[in-house]
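The primary structure of each chain is shown beneath.
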Amino acid sequence: MAEHTHVLFVEDDDVIREATQLALERDGFVVTAMPDGLLGLEAFRADRPDIALLDVMVPGLDGVSLCRRIRDESTVPVIMLSARADSIDVVLGLEAGADDYVTKPFDGAVLVARIRAVLRRFGHASGPDSAGPTAGEGGSMDGGVLHFGDLEIDTEGMEVRRDGAPVALTPTEMRLLLEFSSAPGTVLSRDKLLERVWDYGWGGDTRVVDVHVQRLRTKVGQDRIETVRGFGYKLKA
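**Here's the deal with the nonpolar core**
Of all hydrophobic cores here, the largest spans 49 residues; its most connected members are Leu 54, Met 80, Ile 153 and Phe 180. In terms of residue count, helix 8 (residues 207-220) provides more of this core than any other element does, six residues in total. Other than its neighbours up to four places away in sequence, Ile 153 contacts Gly 144, Val 145, Leu 146, Phe 148, Glu 159, Val 160, Met 174, Leu 177, Leu 178 and Ser 181. Residues Val 7, Phe 9, Leu 81 and Phe 122 belong to the second largest nonpolar core, which totals 16 residues.

**Here's the deal with unusual backbone geometry**
Cis geometry marks the peptide bond from Lys 104 to Pro 105, where omega comes out at -5 degrees. Position of Pro 105 among the secondary structure elements: in the loop between strand 5 (100-103) and helix 5 (108-123). The residue Arg 48 is not glycine, and still its phi comes out positive at about 50 degrees. Following the sequence through the fold, Arg 48 ends up in the loop between helix 2 (37-47) and strand 3 (51-55). For Arg 48, a relative accessible area of 44% gives the class partly exposed. The phi dihedral of Asp 163 falls on the positive side, at around 55 degrees, and the residue is not glycine. Here Asp 163 shows up in the loop between strand 9 (159-162) and strand 10 (165-167). Taking relative accessible area as the criterion, Asp 163 reaches 65% and is therefore assigned exposed.

What counts as what
Residues numbered from 1 in each chain as written. Predicted model: local features only at pLDDT ≥ 70, side-chain atom pairs only at ≥ 80, totals over all residues. Heavy atoms only, no water. Core = buried A, V, L, I, M, F, W, Y, C linked by side-chain atoms within 4.5 Å. Buried < 20%, exposed > 50% of the residue type's maximum accessible area, 1.4 Å probe, protein only. Helix = DSSP H or I, 4+ residues; strand = E, 2+ residues; numbered from the N terminus. Contact = heavy atoms within 4.5 Å.

Dropping the structure here:
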């Protein structure tokens, strides 16, 4: 997977930037490393990388703002890097459109594993492998298109419409919606969503799920995905 995969890495600490670049290149990635956000934005527009690793605190244009600029132009996967694991850094990065985050200091093998997990998700945006789409109780299905009230999900064309208007989703948001639509009315725990959508074979931060659900709600309807306190979320058919 890593061969010819182009990574944009924006980090202002020279030691971290050079060491991480070397580690990623040893694993077969092609890396463009930049010391600030403005240069990172220029490199993104010039090179169109396959994935972006953005440190939160970089000069010129901070990582969160850079993530927003990238997300305005592309659905390329973004992983935020932060020296802090507090809610502010994590939530701001995820709300800006990041797909995941890694806390510094990080082990190189862990970072590579997270990159590969994100790339697998983006390479298989068609949703769950184990079960085909089903409308379930309260929904209907027509030629691969699921209908839930004013919401239409084309599971073959990977398109979503609401009241007939197209809804722009990132691949992560699409996988999340497909996971919900495969079992409408069924409560899915945060841990299960981390496993199925984020491809985590280990424990992950459930804030990643919460923020992505909130982002998805703004696009498909606040009432379409219901919170079941203490258990998780479910799609209302």
